[in-house]
Amino acid sequence: MNITGNLVNAYYICEIKKSSIGTKAAIMQVSFYLKKLKEKGISARGEILIPKEKKKISVELTKDLEAELDRGISDMKAIIAGDSPPKAIKNNFCKNCAFYELCFA
Ligand code: SF4
């Protein structure tokens, strides 16, 4: 905060990715960090950096993104509260996913 009590955009949260595959998930990940910082009174901006593709995607925590995050968090809480997780559905990301063994072993 500055001396007038306003939040200041003094920080950048950067997430580095290997490729632009899964950009939407990366945007949500950075938005989650921004939301957590906002809850602590810290205003920040986000950037997703994809060096191999020479790309930089700016992420700003908009009201729409916050609402989408809240829906996602609510959905996750409902899954956690359930008796068993939903059945995993194979998709194009599964073959390179670190959680493959957990989903399909
Ligand atoms: S392996 Fe599981 S967690 Fe990974 S992408 Fe597939 S369904 Fe999702």
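Note that this is a predicted model, so its numbers are computed, not measured. (Residues numbered from 1 in each chain as written. Predicted model: local features only at pLDDT ≥ 70, side-chain atom pairs only at ≥ 80, totals over all residues.)

1. Some words on the nonpolar core
Line of reasoning, step 1. Ala26, Val30, Leu34, Ala44, Ile48, Val59 and Leu61 together form the largest nonpolar core, which totals seven residues.
Line of reasoning, step 2. Contributing elements (two or more residues each) for this core: α1 (23-39) and β2 (44-50).
Line of reasoning, step 3. Leaving out residues up to four positions away in the same chain, Leu61 has contacts with Ser31, Leu34, Lys35, Lys38 and Glu66. (Core = buried A, V, L, I, M, F, W, Y, C linked by C-beta atoms within 7 Å. Buried ≥ 20, exposed ≤ 12 C-beta atoms within 10 Å, placed from the backbone. Helix = DSSP H or I, 4+ residues; strand = E, 2+ residues; numbered from the N terminus. Contact = placed C-beta atoms within 7 Å.)

2. Observations regarding α1
Line of reasoning, step 1. Relative to the 24 Å expected for 17 residues at 1.5 Å per residue, α1 spans 24 Å between its end C-alpha atoms, a close match to the ideal helical length.
Line of reasoning, step 2. All of the buried residues in α1 are Ala26, Val30, Ser31 and Leu34. All buried residues of α1 lie within an arc of 135° about the axis, which places them on one face of the element. For α1, the exposed residues lying more than 90 degrees away from the buried face are Lys24, Ala25, Lys36 and Glu39.
Line of reasoning, step 3. Looking at the packing, one finds that the buried side of α1 touches β1 (11-16), β2, β3 (55-59) and α2 (63-81).
Line of reasoning, step 4. Gly41 lies just past α1 and shows a positive phi near 85°. (Expected span 1.5 Å × (residues − 1). Arc of directions from axis to C-beta.)

3. Regarding the pairing of β3
Line of reasoning, step 1. As paired elements, β2 and β3 share five bridges and run antiparallel to each other. When the bridges of β3 are listed, Ile48 appears paired with Ile57.
Line of reasoning, step 2. Between the end of β2 and the start of β3, which pair antiparallel, lie four residues, with Lys54 showing a positive phi angle near 50°. (Pairing = 2+ DSSP bridges.)

4. Here's the deal with the sheet that holds β1
Within a beta sheet, neighbouring strands are joined by backbone hydrogen bonds and run either parallel or antiparallel to one another.
Line of reasoning, step 1. Strand order in the open sheet made by the three strands is β1-β2-β3, with mixed pairing throughout. Strands with a single pairing partner mark the edges of an open sheet, and in this sheet they are β1 and β3. Strand-to-strand, the axes of this sheet are offset by a mean angle of 25°, without reference to chain direction.
Line of reasoning, step 2. Note: β1 against β2, six bridges, orientation parallel. Each residue of the ladder has a partner; that of Ile16, found in β2, is Leu49.
Line of reasoning, step 3. On top of the sheet, α1 reaches β1, β2 and β3; it is set at about 155° to β2, its chief contact. (Axes fitted to C-alpha atoms, helices over the stretch in contact; angles between N-to-C directions.)

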